[in-house]
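# Results of the structural survey
Here is how the chains run, residue by residue.
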Amino acid sequence: MKRLILIFSVVLATATILQAQSHEYSPLVEKTVNYKNWTLNDLASNKPTTLRSLMAGKKLVMVLYFAPWCPNWKNEAPVAASLYEKYKSQGFGIIGVSEFGLRDDVKTFFGPNGPPYPVVTESESRDDREKSPLYAYRQLTGDTRKWGSPWNIFLDPAKCNADGEVLTEKAWVVNGELIEADVDKFIQDRLAANQVIAPCKQ
């Protein structure tokens, strides 16, 4: 009997470890999403800010939706921070959008130095799951996960609509965790394509 209990304990511990290490990697794909501008409160100041203002001056922006308690977001967070650090000087921006968790929990997640990129809050309750704009975007892009954290969308500010509610009809999205090598190449290629060539001086 003791041996059976020991075996069961080992199996349970192994399953727990595997569950903690599980990933939800997803490919980068172009989808019709009709992504809209928004006004949300900044995590640090708790003052409203718009997506358009946060995109200003950037060549490529990744809007990253996450729930602070989500294990898959915890897997992706260091990848996103690394990509941001690598490409921010070339015009790449990340904007985090917190979902389904309290602002204080988000601040705790990022620690005393705060997030490396701007973060805003869209919802603070798990009850908002099906009411959030994120849920509607996920339905449009075929994301069948329950919570949809993380969810990533890439925007080219130069190609976004200058006015109106809808910023872009189509965009590249990742319905899950980033596949770092693929996204790294995508960012690199997009930034290179958006380089402004200065005329030669006489």
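Refer to the structure above for everything that follows.
In short, a report on the structure. Please read all numbers here as calculations on a predicted model, not as lab measurements.

So, about the layout of surface pockets. There is about 180 Å³ of room inside the largest pocket. Looking at the largest pocket, it is lined by 13 residues, and the ones nearest its centre are Phe154, Asp156, Lys170, Trp172 and Arg190. Where the lining of the largest pocket is concerned, the elements lending two or more residues are β7 (151–155), β8 (166–174) and α6 (180–193). Among the elements that take part in the lining of the largest pocket, β8 stands out by supplying four residues, more than any other. Considered class by class, the residues forming the lining of the largest pocket number seven nonpolar, one polar and five charged.

Here we come to unusual backbone geometry. Note that the residue after Ser149, namely Pro150, is joined by a cis bond; omega there is -5°. When you line up the elements, Pro150 lands in the loop between α5 (133–140) and β7. For Asn34, which is not a glycine, the phi torsion comes out positive at approximately 50°. Along the chain, Asn34 falls in strand β1 (residues 28–36). Classification of Asn34 as partly exposed rests on a relative accessible area of 33%. Phi at Phe100 is positive, roughly 60°, even though this residue is not glycine.

Summed over the entire model, instances satisfying the criterion amount to nine salt bridges. A salt bridge links Glu130 to Arg129; the nearest nitrogen and oxygen atoms lie 2.9 Å apart. On the basis of relative accessibility, which here comes to 18%, the residue Arg129 falls in the buried class. For Arg145, the salt bridge identified is with Asp143, shortest N-O distance 2.7 Å. Given a relative accessible area of 4%, Asp143 falls into the buried group. One continuous salt-bridge network, built from bridges that share partners, spans Glu24, Arg138, Asp143 and Arg145.

Rules and cut-offs
Residues numbered from 1 in each chain as written. Predicted model: local features only at pLDDT ≥ 70, side-chain atom pairs only at ≥ 80, totals over all residues. Heavy atoms only, no water. 1 Å grid on protein atoms, 1.4 Å probe; cavity = no way out; pocket = protein on both sides within 12 Å on 5 of 7 lines; lining within 4 Å. Points joined across faces, edges and corners; volume = space filled by probe spheres on them. Helix = DSSP H or I, 4+ residues; strand = E, 2+ residues; numbered from the N terminus. Nonpolar A, V, L, I, M, F, W, Y, C, P; charged D, E, K, R; others polar. Buried < 20%, exposed > 50% of the residue type's maximum accessible area, 1.4 Å probe, protein only. Salt bridge = Lys/Arg side-chain N within 4 Å of Asp/Glu carboxyl O.

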